[in-house]
Amino acid sequence: MTVMVGDSVNTSSCHESRLLIVGLGLIGGSLAAALRVAGFQGQIAACDPDEQEIARGIEMGLIDSGGTQLAELVDDATMVVLAVPVLAMESVMANLAEALPNASADVVITDVGSTKATIRACAQRVFGQVPTNMVLGHPIAGSEKSGVAAANPRLYVDHKVILTPEPNVDRSALQRVRCLWKACGAEVLEMDVERHDQVLARTSHLPHLLAFSLVDTLARQDERLDIFRYAAGGFRDFTRIAGSDPVMWRDIFIANKEAVLASLDDFEAGLSRLRHAVEAGDSDALIATFDRASHARHYSTLY
Ligand SMILES: NC(=O)c1ccc[n+]([C@@H]2O[C@H](COP(=O)([O-])OP(=O)(O)OC[C@H]3O[C@@H](n4cnc5c(N)ncnc54)[C@H](O)[C@@H]3O)[C@@H](O)[C@H]2O)c1
Ligand SMILES: O=C(O)C(=O)C[C@]1(C(=O)O)C=C[C@@H](O)C=C1
């Protein structure tokens, strides 16, 4: 079957007969939206403690059914996608473990959490080991918005999804999770858990920490109204992500503490070098730093 996600043609197909999304927010809702647009034939159900998110998901045509109680929704699920904040994963897994006998015999479990080591540890605590039918993953796509109302069917198109399978993973479970994301237009990669957390600490978690800190620092100053009134493109580009969900980011910084602190050490050293260059009016040092950064930014694969 050939399916279309916007302009991109995707020849892989996702044959799950019943997909259960746990946590119907931006990421879970966008997954449902992308599958709908791709012509996904299976049922899509969702579980969320917020009844209004479920009602909105049904109203938007993203899910067929849903509710607040996981145990009532697991029946016959062929794939379960955990899309809740990182520190909510363990309690969701514990509930899932109880209800899992009602799922399809070949059920596959995956997640979308922004950190991977703590979520792997949750799975080990709840199930004794990461089950062979569990494939942890992370779509490298998102926004500062939250909730199903912000769901975007094109969110994953041409974006990377990193899967972090365990060595003993069931190969067909891995293949089915790859198919899920390919159907959404994503490019699927594999990485080990430790490397994932180190890389994402630098490219995603650190920038969010800096944006939150800058906006908070300015917002606490007496003349904040005046400052924000004159802010333009540079401020907007640098700080968009400071509007992101506080709970989601609290969880990420608690979960990925060590890697974030290491990336913060490197950043502080660089900032300190720049501070000295500014203090000393060291034109050569300033030009050398900005030149390196500008080249790196232009020649990176960002779009
Ligand atoms: N927002 C992003 O840019 C982004 C990108 C990639 C991955 N992620 C990851 O995806 C996950 C979801 O993020 P989001 O942006 O969709 O957040 P969101 O706030 O939009 O949605 C999360 C949903 O989970 C629900 N929830 C919370 N606890 C729950 C529980 N115990 N059982 C069921 N549902 C529960 C909330 O009610 C909410 O509707 C997080 O782990 C986050 O780290 C986010
Ligand atoms: O585009 C944004 O607003 C995002 O914050 C998305 C972003 C990122 O840092 O790139 C945020 C968290 C993720 O886990 C993955 C993607």
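In what follows, the accompanying structure is described. Nothing here was measured: the structure is a model prediction, and the numbers come from that model. Numbering of residues starts from 1 in each chain and follows the order in which that chain's sequence is written. Ligands are numbered from 1 and chains lettered from A, in the order in which they are written. Per-residue local features are limited, in this predicted model, to residues with pLDDT of at least 70; the limit for side-chain atom pairs, both in listing and counting, is 80 or more; totals at the level of whole chains, interfaces and linings are taken over all residues. Hydrogens and water are ignored here; the side-chain numbers use all heavy atoms of the structure.

When two cysteine sulfur atoms lie within 2.5 Å, the pair is treated as a disulfide. All told, the structure shown has 0 disulfides when counted by the stated rule. Cys122 provides the cysteine sulfur closest to Cys47, a residue in no disulfide bond, and the two sulfurs are 17 Å apart. The buried label goes to any residue with under 20% of its type's maximum accessible area, the exposed label to any with over 50%, and the partly exposed label to all in between, with areas taken from a 1.4 Å probe on protein chains only. Given a relative accessible area of 7%, Cys47 falls into the buried group.

The rule for a residue being near a molecule or strand is that one of its heavy atoms must lie within 4 Å of it. Close contacts around ligand 1 come from 25 residues, with Ile27, Asp48, Val84, Ser114 and Gly147 the closest. Under the rule applied, a polar contact is a pair of N or O atoms within 3.5 Å (in protein, one hydrogen donor and one hydrogen acceptor; residues adjacent in sequence only if both atoms are side-chain atoms). At 2.9 Å from an oxygen atom of ligand 1 is found a main-chain nitrogen or oxygen belonging to Leu26. Separating an oxygen atom of ligand 1 from a side-chain N or O atom of Asp48 is a distance of 2.6 Å. Under the convention used here, a 1.4 Å probe and the Shrake-Rupley method define accessible areas, while residue burial counts only the protein chains that appear. Burial of ligand 1 by the protein chains amounts to 84% of its free accessible area of 830 Å². The helix and strand labels rest on DSSP assignments: H or I over at least four residues marks a helix, E over at least two residues marks a strand, and numbering proceeds from the N terminus. Looking at the shell around ligand 1, the elements with two or more residues in it are helix 1 (26-37) and strand 9 (137-139). Residue classes follow a fixed rule: Ala, Val, Leu, Ile, Met, Phe, Trp, Tyr, Cys and Pro count as nonpolar, while Asp, Glu, Lys and Arg count as charged, and any other residue, Gly among them, counts as polar. A breakdown of the residues in the shell around ligand 1 according to their chemical character gives 15 nonpolar, 9 polar and 1 charged.

Turning our eyes to something else, we now look at the site of ligand 2. Around ligand 2, a shell composed of 13 residues is seen, among which Ser114, His138, Ser204, His208 and Arg240 lie nearest. Contact distances for ligand 2 include 3.4 Å between an oxygen atom and a backbone N or O atom of Gly142. In this structure, an oxygen atom belonging to ligand 2 sits 2.6 Å away from a side-chain N or O atom of Ser204. Considering ligand 2 on its own, with 370 Å² of exposed area, one finds that the protein chains cover 83% of that surface.

What follows is about the packing of aromatic side chains. Pairing of aromatic rings covers Phe, Tyr and the six-membered ring of Trp, with a centre-to-centre limit of 6.5 Å; geometry is then stacked below 30 degrees between planes, edge-to-face above 60, and tilted otherwise. The tally for this structure, following the rule as stated, stands at 3 aromatic pairs. Taken together, a centroid distance of 5.6 Å and an interplanar angle of 55 degrees make the contact between Phe228 and Phe235 tilted. Given the relative accessible area of 30%, Phe228 is considered partly exposed. With relative accessibility at 24%, the residue Phe235 sits in the partly exposed group.

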